[in-house]
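Geometric and topological summary
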Amino acid sequence: MRSTRLAALAASALTLALLTTGCGSTDDEPSGEASAPAPGGPKVVASTSWVGSLAKAAGVTDITVVAPANVQHPPDYDPKPSDLAAVAGADYVLFAEFDGFAAKLKDAAGGKGQLVPVELENTPAKIRSEVTRLGGLFGTADKAAAWLTTFDREYVNLSSGLKDVAPIPPKTAVSHLFMAYWAEFVGFKVVGTYGPQPVSAGQLAELTAKKPAVVLANAHLPGANPEIPGAKRVDIVNYPGADLNLLAVFRTNAERLGAVLAS
């Protein structure tokens, strides 16, 4: 029965991989009135692939991403002047407040493109609020709603597939602070967090004493995650690839978490 359920989970992930998907980004507070899209749609510059994936989910097709998707930790990217050239012609410039180069984006915008700060959190509630807001801002509300329908369905399929094979009582986990919400996705119980500061010797001892079964590690900060004896490490991702496919992030993490459940 367990192998059958895991096979069903893999099939669900494959179904998601075949779906045509998009992504969109926004912040908590509205940054302006909704506007009609320019001919062919608005031109958007996004700081990172995560930000850009939210814009894509909201229905935008003309998206330029500043930080390459293949850099280890995109917020730490130091853009060259040539990387910022597209900002001058953008209708909207999207960024996260924790992006280290946000100030450079604001300066490059020069008051022409509308600056839109976004909040990044891969939870259904936050994604829904951000994509909905951006769809209204860009004049692409129908496309944003259609994407959210697909996202809601696939999130439930992947999450329920994991939880169906999760043990009772749930596995305990320690997690990087920025990855802790993924425990709900799989059904783990978080018993401790670490980061964003480096883990001290004392903190490592405290985390080890909790005897977690799993470490939910931040894949984008590989050197920031502790090795805890007896705990299986799962490298969790938040940033999508160059295709800006946010749903692929959930598929990737479902596969990695499913492997831990199967072991």
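So, how was this worked out
Residues numbered from 1 in each chain as written. Predicted model: local features only at pLDDT ≥ 70, side-chain atom pairs only at ≥ 80, totals over all residues. Heavy atoms only, no water. Phe/Tyr/Trp six-rings, centres within 6.5 Å; stacked < 30°, edge-to-face > 60°. Pairing = 2+ DSSP bridges. Helix = DSSP H or I, 4+ residues; strand = E, 2+ residues; numbered from the N terminus. Axes fitted to C-alpha atoms, helices over the stretch in contact; angles between N-to-C directions. Parallel < 35°, antiparallel > 145°, perpendicular 65-115°, else oblique. Contact = heavy atoms within 4.5 Å. Nonpolar A, V, L, I, M, F, W, Y, C, P; charged D, E, K, R; others polar. Right-handed = clockwise from strand over helix to strand, strands pointing away. Buried < 20%, exposed > 50% of the residue type's maximum accessible area, 1.4 Å probe, protein only. pLDDT = per-residue confidence, 0-100. Polar contact = N/O pair within 3.5 Å; in protein donor to acceptor, adjacent residues only side chain to side chain. Salt bridge = Lys/Arg side-chain N within 4 Å of Asp/Glu carboxyl O.

**A short note on the packing of aromatic side chains**
Counted according to the given criterion, the structure contains twelve aromatic pairs. These aromatic residues form a ring-pair network of at least three members: Trp147, Phe151, Tyr155, Tyr181, Trp182, Phe185 and Phe250.

**Some points on the sheet that holds strand 6 (residues 189-194)**
Ordered in space as 6-5-7-8, the four strands form an open sheet in which the pairing is parallel. In this open sheet, the two strands that pair with only one neighbour each are strand 6 and strand 8 (232-236). Going across the sheet, the axis of each strand differs from the next one's by a mean of 25°, ignoring polarity. Strand direction decides the pairing type here: strand 7 (residues 214-218) and strand 8, joined by five bridges, are parallel. Its bridge partner lying in strand 8, Val215 is registered against Arg233.

**Focus: the packing of helix 5 (residues 141-165) against helix 8 (residues 246-262)**
In a pair of packed helices, the angle between the axes and the distance between the axes together describe the arrangement. Taken N-terminus to C-terminus, the directions of helix 5 and helix 8 make an angle of 5°; their axes are 10 Å apart at the nearest point. Classified by the angle their axes make, helix 5 and helix 8 are roughly parallel. Only Leu246, Leu247, Phe250, Arg251, Ala254, Leu257, Gly258 and Leu261 of helix 8 make contact with helix 5, whose side of the interface consists of Trp147, Thr150, Phe151, Glu154, Tyr155, Leu158, Leu162 and Val165. Of the residues belonging to the contact of helix 5 with helix 8, the class tally is twelve nonpolar, two polar and two charged.

**Focus: the pairing of strand 1 (residues 43-46)**
For strand 1 and strand 2 (residues 62-65), the ladder comprises four bridges, and the chain directions are parallel. Within strand 2, the residue paired with Val45 across the bridge is Thr64. Between the parallel elements strand 1 and strand 2, the chain passes through helix 2 (residues 49-57) in a crossover that is right-handed. Looking at chain direction, strand 1 and strand 3 (residues 92-96) are connected through three bridges and run parallel. Considered in strand 3, the bridge of Val45 is made with Val93.

**Concerning the pairing of strand 7**
Of all five residues making up strand 7, five are buried, and the element is well covered by its neighbours. Pairing between strand 5 (residues 172-176) and strand 7: three bridges, direction parallel. Within the sheet, the bridge partner assigned to Ser175 lies in strand 7 and is Leu216.

**Details of the confidence of the model for the protein**
For the protein, per-residue confidence averages 87 on the pLDDT scale, and residues scoring 70 or more make up 85% of the total. When the criterion is pLDDT under 50, residues 1-38 qualifies, and its contacts beyond four places in sequence or with other chains add up to 101 contacts.

**A few points about the sheet that holds strand 4 (residues 114-118)**
Taking strand neighbours across the sheet as the criterion, the four strands line up as 2-1-3-4 in an open arrangement whose pairing is parallel. Among the strands making up the open sheet, the edge pair consists of strand 2 and strand 4. Put simply, the sheet's adjacent strands are angled 25° from each other on average, direction ignored. This element, helix 3 (residues 102-109), spans strand 3 and strand 4 of the sheet and lies at about 170° to strand 3.

**Here's the deal with the environment of Thr64**
Looking at where Thr64 falls in the secondary structure, it is placed in strand 2. Here the alpha-carbon distance between Thr64 and Val44, two residues 20 residues apart in the chain, equals 6.3 Å. Other than its neighbours up to four places away in sequence, Thr64 contacts Val44, Val45, Ala46 and Ala86.

**Regarding the side chain of Asn238**
Its location among the elements puts Asn238 in the loop between strand 8 and helix 8. In this structure the side chain of Asn238 is engaged in a polar contact, spanning 3.3 Å, whose partner is the side chain of Tyr181. In this structure Asn238 touches Trp50, Asn122, Phe178, Met179, Tyr181, Trp182, His220 and Val249, once residues within four positions along its chain are discounted.

**Things to note about the pattern of salt bridges**
If you walk through the whole model with that rule in mind, you get nine salt bridges. Overlapping salt bridges, with partners in common, bring together Glu227, Arg233 and Asp235 in one network.

**Let's talk about the side chain of Thr48**
By the element assignment, Thr48 lies in the loop between strand 1 and helix 2. Discounting chain neighbours no more than four positions away, the residues touching Thr48 are Val65, Ala67, Pro74, Pro75, Asp99, Phe101 and Tyr239.

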